[in-house]
Amino acid sequence: MQGIWTTERIRAAEDRLLAVTPDGELMRRAAFGLAVHAAEMLAEHTGSVSGRRVTLLVGSGNNGGDALWAGAFLRRRNVAVSAILLKPERAHGPGLAALKRSGGKIVSLEDGPQWISRADLVVDGIVGISARGSLRPDAAALLGHVGSPVLAVDLPSGVDPDTGAVDGPAVVADRTVTFGALKPVHALAPASCGEVFLVDIGLRLTDPDLQRLDTADVAAAWPVPGPDDDKYSQGVVGIAAGSATYPGAAVLAAGAAVRATSGLVRYAGHAADVVRGQWPEIIATGSVTDAGRVQAWVVGPGIGTGNEGRDVLRFVLGRGVPVCADADATTIIARSPDVLDARDPGTPLVLTPHAGEFERLMGAPPGADRVAAARSAARKYDAVVLLKGHCTVIAAPDGRALVNTPRGSWLATAGSGDVLSGLVGALLASGLDPWLAAGAATHVHSLAGSLAADGAPTSASGILAAVPDAIRSVRSLTS
Ligand SMILES: NC(=O)C1=CN([C@@H]2O[C@H](COP(=O)(O)OP(=O)(O)OC[C@H]3O[C@@H](n4cnc5c(N)ncnc54)[C@H](O)[C@@H]3O)[C@@H](O)[C@H]2O)[C@@H](O)CC1
Ligand SMILES: [K+]
């Protein structure tokens, strides 16, 4: 797992390290790493480093100090460095002196636009982890003149460091170079950060506030049958989804369960004929009451929010096995929380709301801090909450939270969520910890989405068809 720490934790760890490190040493470590990345970007985009032009946007804190020192290092490689000081009287003193000594040019705010528009690379040292709110007007106006790649120092300025929220003018970087440890912004705002690189400055942190699954974690979690396994021992998943009029959700969720693991899949509902026709390997019946034993249920996609849907949900919640309640099941729970009385105490529940369903469940939208929102819903419902969005956040009732950083937005297509719930169900049936099951399913789902899309629109059926390739790719990277 990749650990991610809030700025409060990072600052505390930095203070401990600063106390035992010579003055200025940490900043120089950070800035040296930054300069290496700046040179790499120049070489990538222009074919050379020497003689190229870099313009630094320098704010009033240490983030600006990093940029100034990096500028001084770049001068050693004969880069023409100019610095625009947003608050000249508060610019980082030693950094400014170092840049001046190295031959860097200090440019006034008025002259800034022409220097920015002529630059081969712009370095955003406006604000770092102490940033509050979006960019101020002077900085926002300068950004309008940027025509080159942008390298963000620690994080793209204007984006909230702890939530990744953007609610006004903000930098959109091609690359972000961060120091010591990943912060929430790096996982939650991929479109603002661009590619993220971590420079080791000697910070040591444990017990992360937020996590992200590595490919290796997903590969290790994904069930692989052994020589003694049979179709039952790998976990039987039941799918209660779809209707006679709308069988699509049933076909997609059940199909995803078929493709996720080699355990048995049962289906119960009004779309039994259609499901059987699409997936002959599925044992399909008309009702959950005669579906037979399963090790986990997926309930909700397309079941409707009326009495019948409520009865189906109550029935599966009382079976003593993990349940993934998706789509209509989420709405039923929001409208009639008493259905949860049927839940067999202690059995895992995974809820998979998008923002609208979240609002129904919690009475308010997720807001800017989606991690906190998912955590509070997880506590309220004593469930794993998979809060869908561009970045999906998964929180457990014990406070564990992980985030899936997507590779594009192609997953936002009709039926995509049905595929995800089928994947979650199959992993729950295999006995995986529900938080990890939700995380691994989300990872494979988003990988399948990007494989299916490959730069062009795809569909839920396309994502479903790409699930085996996604699992194969996850496993091949680690075997
Ligand atoms: N503390 C450390 O040990 C290290 C810190 N480093 C750098 O230091 C940064 C943190 O430095 P600071 O705590 O000085 O804070 P920042 O550089 O993040 O900025 C704080 C300053 O910006 C102003 N400010 C806040 N929000 C603003 C906004 N929206 N628009 C304009 N100005 C705004 C504040 O008034 C304050 O003066 C890190 O992000 C990192 O880049 C690195 O040098 C590595 C070592
Ligand atoms: K920055």
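Thresholds, definitions, all that
Residues numbered from 1 in each chain as written. Chains lettered and ligands numbered in written order. Predicted model: local features only at pLDDT ≥ 70, side-chain atom pairs only at ≥ 80, totals over all residues. Heavy atoms only, no water. Helix = DSSP H or I, 4+ residues; strand = E, 2+ residues; numbered from the N terminus. Rg over C-alpha atoms; globule rule 2.2 N^0.38 Å. Buried < 20%, exposed > 50% of the residue type's maximum accessible area, 1.4 Å probe, protein only. Contact = heavy atoms within 4.5 Å. Areas by Shrake-Rupley, 256 points an atom, 1.4 Å probe, with all protein chains shown as cover. Lys, Arg positive; Asp, Glu negative; His and termini not counted. Charge placed at Lys NZ, Arg CZ, Asp CG, Glu CD. UniProt positions renumbered as here; feature names shortened; annotations may be inferred. Polar contact = N/O pair within 3.5 Å; in protein donor to acceptor, adjacent residues only side chain to side chain. Domains from an automatic or database assignment. Buried area = accessible area lost by both parts, 1.4 Å probe. Salt bridge = Lys/Arg side-chain N within 4 Å of Asp/Glu carboxyl O. Pairing = 2+ DSSP bridges. Axes fitted to C-alpha atoms, helices over the stretch in contact; angles between N-to-C directions. Donors = N, O, S within 2.8 Å, 3.2 Å for Na, K, Ca; no water. Tetrahedral: all angles 85-135°; square planar, octahedral: opposite > 155°, others 65-115°. Near = heavy atom within 4 Å. Nonpolar A, V, L, I, M, F, W, Y, C, P; charged D, E, K, R; others polar. Core = buried A, V, L, I, M, F, W, Y, C linked by side-chain atoms within 4.5 Å. Disulfide = S-S within 2.5 Å. Parallel < 35°, antiparallel > 145°, perpendicular 65-115°, else oblique. Left-handed = near helix turned anticlockwise from the far one by under 90°.

Engineer: Would you mind showing me how to read the overall build of the protein chain here?
Structural biologist: Secondary structure summary: the protein chain contains 18 helices and 18 strands in total. Compactness check: the protein chain gives a C-alpha radius of gyration of 26 Å against a globular reference of 23 Å for 479 residues, within 12% of the reference. Overall size of the protein chain, expressed as C-alpha extent along the three principal axes, is 80 × 40 × 40 Å. Counting the 479 residues in the protein chain, one finds 55% classified as buried. Of the contacts formed within the protein chain by residues at least 6 apart in sequence, a portion of 70% connects residues at least 24 apart. By element, 51% of the accessible surface of the protein chain is carried by carbon and sulfur atoms, the whole surface being about 19100 Å². For the protein chain, the distance from the average site of its 42 positive side-chain charges to the average site of its 47 negative ones is 5 Å.

Engineer: Would you explain the UniProt feature "binding site: AMP" (unreviewed entry) in the protein chain in this entry?
Structural biologist: Here the UniProt-annotated "binding site: AMP" (unreviewed entry) positions come out as K388, G389, H390, C391, T392 and G417. These annotated residues cover 30 residues of sequence, and their C-alpha atoms all fall within 13.9 Å of one another, placing them together at a single site. Checked against the element boundaries, K388 lands in the loop between β16 (384–387) and β17 (392–395). Setting aside chain neighbours within four positions, we find K388 in contact with D326, T352, P353, H354, A355, R370, G417 and L420. A polar atom in the side chain of K388 sits 3.3 Å from the side chain of D326. Structurally, C391 is set in the loop between β16 and β17. The class of C391 is buried, set by a relative accessible area of 4%. Filtering out sequence-adjacent residues up to four positions away, C391 remains in contact with A187, L188, P190, R370, V403, N404, T405 and P406.

Engineer: So what exactly am I meant to see when it comes to the domain arrangement of the protein chain here?
Structural biologist: Taken domain by domain, the protein chain comprises domain 1 (2–211) and domain 2 (215–476). Computed from C-alpha coordinates alone, the two centres of domain 1 and domain 2 are separated by 40 Å. The interface is formed by nine residues belonging to domain 1 together with 13 residues belonging to domain 2. Between domain 1 and domain 2, a total of about 870 Å² is buried, with carbon and sulfur atoms accounting for 64% of that surface. Inspection of the domain 1/domain 2 interface yields zero salt bridges.

Engineer: Please explain the sheet that holds strand β5 (residues 121–125) as it appears in this structure.
Structural biologist: Note: strands within a sheet are paired through backbone hydrogen bonds, in either parallel or antiparallel orientation. An order of β4-β3-β2-β5-β6-β7-β8 is seen for the seven strands of this open sheet, with the pairing classed as parallel. A strand with exactly one partner marks an edge of an open sheet, and here the two such strands are β4 (105–107) and β8 (195–199). When the angles between neighbouring strand axes are averaged without regard to direction, this sheet yields 25 degrees. Judged from the three bridges that link them, β5 and strand β6 (residues 150–153) form a sheet pairing that is parallel. Note on β6: the bridge partner recorded for D124 is A152.

Engineer: Before we go on, may I ask you to explain the coordination of the potassium ion (ligand 2) in this structure?
Structural biologist: Expected angles at a metal are 109.5 degrees for tetrahedral coordination by four donors and either 90 or 180 degrees for octahedral coordination by six donors. Around the potassium ion (ligand 2), the protein contributes the donor atoms N63 (OD1), D124 (O), V127 (O), V153 (O), L155 (O) and S157 (OG), which lie 2.6 to 3.0 Å from the metal centre. Bound by six donor atoms, the potassium ion (ligand 2) shows angles of 67 to 166 degrees at the metal and therefore irregular coordination geometry. S157 sits in the buried class, given a relative accessible area of 0%.

Engineer: For this particular structure, what's the right way to read the site of ligand 1?
Structural biologist: In the neighbourhood of ligand 1, 23 residues make up the surrounding shell, with D66, R90, G128, S130 and D154 lying closest. Between D66 and ligand 1, the recorded distance is 2.4 Å, taken from a side-chain N or O atom to an oxygen atom. In the model, an oxygen atom of ligand 1 is placed 2.9 Å from a nitrogen or oxygen of the I129 main chain. Look at ligand 1: alone it shows 870 Å² of surface, and the protein chains cover 84% of it. By residue class, the composition of the shell around ligand 1 is nine nonpolar, eight polar and six charged.

Engineer: Sorry, what's going on with the UniProt feature "domain: YjeF C-terminal" (unreviewed entry) in the protein chain here?
Structural biologist: With numbering aligned to this structure, UniProt lists the feature "domain: YjeF C-terminal" (unreviewed entry) at residues 214–474. For residues 214–474, the end-to-end C-alpha separation is 10 Å, with 44% helix and 13% strand making up the annotated structure.

Engineer: Would you mind showing me how to read the nonpolar core here?
Structural biologist: The tendency in soluble globular proteins is for nonpolar side chains to be buried as a group. Ranked by size, the top nonpolar core spans 59 residues in total, and within it I239, Y267 and V444 carry the most contacts. When residues of this core are assigned to their parent elements, the largest contribution, nine residues, is made by helix α10 (residues 248–260). Setting aside its immediate chain neighbours within four residues, Y267 contacts I239, A241, G242, A250, A272, V275, I282, I283, A284 and T285.

Engineer: When you look at the state of the cysteines in this model, what are you seeing that I'm missing?
Structural biologist: Two cysteines form a disulfide when their sulfur atoms are joined by a covalent bond. The full count for this structure, using the stated rule, is zero disulfides. Left without a disulfide partner, C193 is nearest to the cysteine sulfur of C391, which lies 9.5 Å away.

Engineer: How should I be thinking about the packing of helix α16 (residues 416–429) against helix α18 (residues 460–476) in this particular structure?
Structural biologist: Put simply, α16 and α18 touch, their axes get as near as 8 Å, and they point 30 degrees apart. Relative to α18, the element α16 lies roughly parallel. Where α16 crosses over α18, the two elements pack in a sense that is right-handed. Each of S416, V419 and L423 in α16 lies in contact with α18, whose residues at this interface are A460, I463, L464 and V467. Tallied by class, the residues present in the contact of α16 with α18 amount to six nonpolar, one polar and no charged.

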